[in-house]
Number of protein chains: 2
Amino acid sequence: MPVMPEPIENLTLALERLPGIGPKTASRLTFFLLRAPEEVSLALAEALTALKSSTGLCEECFNITRSDQPKCEICVSDKRDEGMLCVVEEPLDVLALERTAGYFGRYHVLHGVLSPIEGIGPEDLKIRPLLERVHAGKVREIILATNPSMEGDATALYLQQQLAGSGVRITRLARGLPVGGDLEYADQNTLLRALAGRQDLS
Amino acid sequence: MPVMPEPIENLTLALERLPGIGPKTASRLTFFLLRAPEEVSLALAEALTALKSSTGLCEECFNITRSDQPKCEICVSDKRDEGMLCVVEEPLDVLALERTAGYFGRYHVLHGVLSPIEGIGPEDLKIRPLLERVHAGKVREIILATNPSMEGDATALYLQQQLAGSGVRITRLARGLPVGGDLEYADQNTLLRALAGRQDLS
């Protein structure tokens, strides 16, 4: 016998499918929504329904864009330097970099990383369009901003090889101690990288 | 300039209104839904829309029930002892007790606790219907299962006074060390209660 009526069960199960939300959190959220004004759950429902139908990928950089706009806001903006291209794994990474308010170039979203184990090769990522953008000639510098992980590094290495001889400056985000971090708690690899990449205080 | 298109922003903001979900979790969930099959977000949207319109309160115990059923499944079940009444604060507490699979009586949901600070008095809770149920005469025992907090205890005390002289057995859930817990980490009050409530090993 189900203890809770179907509508409650349905919502709890639907919430449980989200990452990081277990059965307990799911029922807590369900009962929160039950007590909250109906407007809260309806707004969420509406946003969910609109999500897929009203978004698409920018035809230039493959970031998320509104489905009625072929190019994203960053690609159409004339305030962004089209000579700089920051290559990231996911649209979420664009968001993280934009939050820094310290990058004024454009982006290129790969939508994944090379991963032989999962069978993801260069053809599964937006690598060919990246090479085309570079060969079009306007790009001066490419910042490889894939994650500092095994796959991210391998993807960056592959892109570096593909772009060799294009005459474009290729850089990678710096590794080292995170700001506000503690030397004592830094892992071995981070510390090794911080040592190797030490900078002159002129 | 908003970095992400409106549909993404909308969903992120709607998710941020849920308890325990901050801006970062909200955008992670949004991008998860963006990559997941559309069916996932649509199922969630549907469950959210149905939530309020298809649920109501049981007219007997005030637990959540389907809006087309005046009484909840527990109140209509003839397998549940109608002589036992477990008084809880919220419908979520019913769920927790049902999960134990060790209680076979019925429930009464107060929908809150007495809280003079927040201006919640006896009239704001489902206390009058509880007294009516008891006076109807079928109830033998009432388990006061409000939370072991200041307000929960005060509410239990108030109910105990109201029910005095009704001839019904009134009990309160035991306090003590949680199963699997560690004596070393138990707080002072819990340990005091565990001492006071120590049981004979015959």
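Our structure's up above, just so we're on the same page.
Computed from a predicted structure; not experimentally measured.

S.K.: What is the right way to look at the packing of helix 2 (residues 23-35) of chain A against helix 5 (residues 91-99) of chain B in this model?
M.R.: Relative orientation and spacing of two packed helices are given, respectively, by the angle between their axes and the distance between those axes. Running from N to C, helix 2 of chain A and helix 5 of chain B point in directions that differ by 150°, and their axes come no closer than 10 Å. In terms of orientation, helix 2 of chain A and helix 5 of chain B fall into the roughly antiparallel class. When you trace helix 2 of chain A past helix 5 of chain B, the crossing you get is right-handed. Within the contact between the two elements, helix 2 of chain A uses A:Lys24, A:Ser27, A:Arg28 and A:Phe31 and helix 5 of chain B uses B:Pro91, B:Leu92, B:Leu95 and B:Arg99.

S.K.: Whenever I open this one, the layout of surface pockets confuses me. Can you help?
M.R.: Where empty space is left becomes clear once a probe the size of a water molecule has been rolled over the atoms. Residues and elements named next belong to chain B. Within this model, the largest pocket holds a volume of roughly 530 Å³. If you go around the largest pocket, you meet 21 residues; those closest to its centre are Pro 148, Leu 173, Ala 174, Arg 175 and Gly 176. For the lining of the largest pocket, the class distribution of residues is 9 nonpolar, 6 polar and 6 charged.

S.K.: Is there a simple way to think about the relation of the copies chain B and chain A in this case?
M.R.: Expressed as a screw transformation, the operator carrying chain B onto chain A has a rotation angle of 180° and an axial translation of 0.0 Å, and the superposed copies differ by an RMSD of 0.1 Å. What the superposition gives is, in effect, a two-fold axis relating one chain to the other. Across chain B, the smallest distance between a C-alpha and the rotation axis is recorded for B:Ala45, namely 2.0 Å. Comparing interface residues between copies, 100% of those in chain B also sit at the interface in chain A, which points to an isologous, same-surface contact.

S.K.: Can you walk me through the interface of chain B and chain A in this structure?
M.R.: You'll often see interface size given as the accessible area lost when the parts meet. Counting residues at the interface gives 58 residues for chain B and 58 residues for chain A. Carbon and sulfur atoms make up 76% of the surface buried where chain B meets chain A, a total of about 5200 Å² over both sides. The largest share of the area that chain B buries against chain A comes from B:Leu48, B:Leu51 and B:Lys52, three residues that together contribute 13% of it. At the junction of chain B and chain A, the tally comes to 6 salt bridges. A:Arg66 is the partner of B:Glu6 in a salt bridge, and the nearest nitrogen-oxygen pair spans 3.9 Å.

S.K.: Would you mind going over unusual backbone geometry with me for this structure?
M.R.: As a rule of thumb, non-glycine residues mostly have phi less than zero, and peptide bonds are mostly trans rather than cis. Within the chain, A:Phe62 stands out as a residue other than glycine whose phi angle is a positive 65°. Examined against the element boundaries, A:Phe62 turns out to sit in the loop between strand 1 (55-57) and strand 2 (64-66). Residue classification places A:Phe62 among the buried residues on the basis of a relative accessible area of 13%. Positive phi outside glycine occurs at B:Ala101, with the angle close to 55°. Mapped onto the elements, B:Ala101 comes out in the loop between helix 5 and strand 4 (105-109). Residue classification places B:Ala101 among the exposed positions, given a relative accessible area of 57%.

S.K.: How should I be thinking about the packing of helix 3 (residues 38-53) of chain A against helix 3 (residues 38-53) of chain B in this particular structure?
M.R.: Remark: helix 3 of chain A packs on helix 3 of chain B, axes separated minimally by 8 Å, with the N-to-C direction vectors making an angle of 160°. It follows that helix 3 of chain A is roughly antiparallel to helix 3 of chain B by the angle criterion. Along this stretch, helix 3 of chain A crosses helix 3 of chain B, giving a crossing that reads as left-handed. Residue-level inspection shows A:Glu38, A:Ser41, A:Leu42, A:Leu44, A:Ala45, A:Leu48, A:Thr49, A:Lys52 and A:Ser53 of helix 3 of chain A in contact with helix 3 of chain B, the latter providing B:Glu38, B:Ser41, B:Leu42, B:Leu44, B:Ala45, B:Leu48, B:Thr49, B:Lys52 and B:Ser53. Residues belonging to the contact of helix 3 of chain A with helix 3 of chain B are distributed by class as follows: 8 nonpolar, 6 polar and 4 charged.

Thresholds applied
- Residues numbered from 1 in each chain as written.
- Chains lettered and ligands numbered in written order.
- Predicted model: local features only at pLDDT ≥ 70, side-chain atom pairs only at ≥ 80, totals over all residues.
- Heavy atoms only, no water.
- Axes fitted to C-alpha atoms, helices over the stretch in contact; angles between N-to-C directions.
- Helix = DSSP H or I, 4+ residues; strand = E, 2+ residues; numbered from the N terminus.
- Parallel < 35°, antiparallel > 145°, perpendicular 65-115°, else oblique.
- Left-handed = near helix turned anticlockwise from the far one by under 90°.
- Contact = heavy atoms within 4.5 Å.
- 1 Å grid on protein atoms, 1.4 Å probe; cavity = no way out; pocket = protein on both sides within 12 Å on 5 of 7 lines; lining within 4 Å.
- Points joined across faces, edges and corners; volume = space filled by probe spheres on them.
- Nonpolar A, V, L, I, M, F, W, Y, C, P; charged D, E, K, R; others polar.
- Least-squares fit on C-alpha atoms with pLDDT ≥ 70 in both.
- Buried area = accessible area lost by both parts, 1.4 Å probe.
- Salt bridge = Lys/Arg side-chain N within 4 Å of Asp/Glu carboxyl O.
- Buried < 20%, exposed > 50% of the residue type's maximum accessible area, 1.4 Å probe, protein only.

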